[in-house]
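Each chain is listed here by its residues.
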Amino acid sequence: MKTLTFILAMLLCFGLMVDFGANETKGYSKIETPQPPPLILDTDSNFKIQPIVENIDLKGYEFIISFKLYYKDKIAKPIDLKKGPPVDGYCSDLTIITFYFSNGDSLELESIKRMSCKILAIFNLEEYQNKKLKNSPINSIKVVNYVTENKYLFSVNDKMYFSRLINRYPHWH
């Protein structure tokens, strides 16, 4: 009986360790399809807006309802630590981004609350916000780290960036 229990336990362990391909979907590529290039707001690439295309692998069902903002809120004089590299940027748990449109309107969005020191702010768009970005050229963008209250204002060279992408990947028709 002990031998039979041992053999069954070994078979169970063997079954858990070996991938028999049962979870594999035929014809599905595990390689991620690349997202569109980000909108870079400064020459040092410290401020990047990356729209997130959902369902990018399902032709005809792609859409954009969120984007990520990567940025560094730099400290004027880096702080040296006893261990590790010097700290050269502030952290944040809330970022506000404001889009200023060519028609004089603006759109202010608040990021999802999350602590980040290599700041990654995530914004989800409501239908009216999505439509505003889709239909209006953007002149400038302001980014505010709500923790430090540091503000950054950027002119936008590609004024139709969001319009082009949201028209290509619409969510609300």
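Above this text you will find the structure in question.
A.B. asks: Could you give me a rundown of the overall build of the protein, with the residues and numbers involved?
C.D. replies: Broken down by element type, the protein carries 3 helices and 10 strands. Secondary structure elements in the protein, listed N-terminal to C-terminal, are α-β-β-β-β-β-β-β-β-α-β-β-α. Within the protein, the fraction of its 173 residues that count as buried is 33%.

A.B. asks: Which residues make up the side chain of Ser136, and what values do they have?
C.D. replies: Here Ser136 is to be found in the loop between helix 2 (127-135) and strand 9 (138-145). On the accessibility criterion, Ser136 (11% relative accessible area) is buried. Once residues lying within four places of it in the same chain are set aside, the contact partners of Ser136 are Phe101, Asn103 and Lys159.

A.B. asks: Requested: an account of the environment of Leu69, with residues and values cited.
C.D. replies: Note that Leu69 resides in strand 3 (residues 63-71). Distance in space between the C-alpha atoms of Leu69 and Ala121 is 5.0 Å, their sequence separation being 52 residues. Excluding anything up to four places from it in sequence, Leu69 contacts Lys48, Ile49, Thr95, Ile97, Ile119, Leu120, Ala121, Phe123 and Val143.

A.B. asks: Report on the pattern of salt bridges, specifying residues and quantitative values.
C.D. replies: Tallied over the entire structure, the rule returns 3 salt bridges. Taking the shortest distance from any N to any O, the salt bridge between Lys131 and Glu127 comes out at 3.1 Å. Note that Lys131 and Glu127 are positioned in helix 2 at a spacing of 4 residues, about one turn of the helix. The class for Glu127 is partly exposed, based on a relative accessible area of 34%.

A.B. asks: Explain a nonpolar patch on the surface residue by residue, including any values.
C.D. replies: On the surface, Ile79, Leu81 and Val87 cluster together into a nonpolar patch covering about 230 Å² of accessible area. Checked against the element boundaries, Leu81 lands in the loop between strand 4 (73-79) and strand 5 (87-90). The exposure class of Leu81 is partly exposed, given its relative accessible area of 43%.

A.B. asks: Before we move on, can you summarise the sheet that holds strand 8 (residues 120-124) with the specific residues and values?
C.D. replies: Judged by pairing direction, the sheet is antiparallel, and its 4 strands sit side by side in the order 1-2-3-8 without closing on themselves. Either end of the sheet is taken by a strand with one partner, and the two such strands are strand 1 (39-40) and strand 8. Relative to strand 2 (residues 47-54), strand 1 runs antiparallel, the two being bridged by 2 bridges. Across the sheet, residue Leu39 finds its bridge partner in strand 2, namely Ile49. Contacts between helix 3 (residues 161-168) and the sheet are confined to strand 1, strand 2 and strand 3, with strand 2 contributing the most and set at about 10 degrees to the helix.

So, how was this worked out
Residues numbered from 1 in each chain as written. Predicted model: local features only at pLDDT ≥ 70, side-chain atom pairs only at ≥ 80, totals over all residues. Heavy atoms only, no water. Helix = DSSP H or I, 4+ residues; strand = E, 2+ residues; numbered from the N terminus. Buried < 20%, exposed > 50% of the residue type's maximum accessible area, 1.4 Å probe, protein only. Contact = heavy atoms within 4.5 Å. Salt bridge = Lys/Arg side-chain N within 4 Å of Asp/Glu carboxyl O. Patch = residues over 30% accessible without salt bridge, like charges linked within 9 Å, V, L, I, M, F, W, Y side chains within 5 Å. Areas by Shrake-Rupley, 256 points an atom, 1.4 Å probe, with all protein chains shown as cover. Pairing = 2+ DSSP bridges. Axes fitted to C-alpha atoms, helices over the stretch in contact; angles between N-to-C directions.

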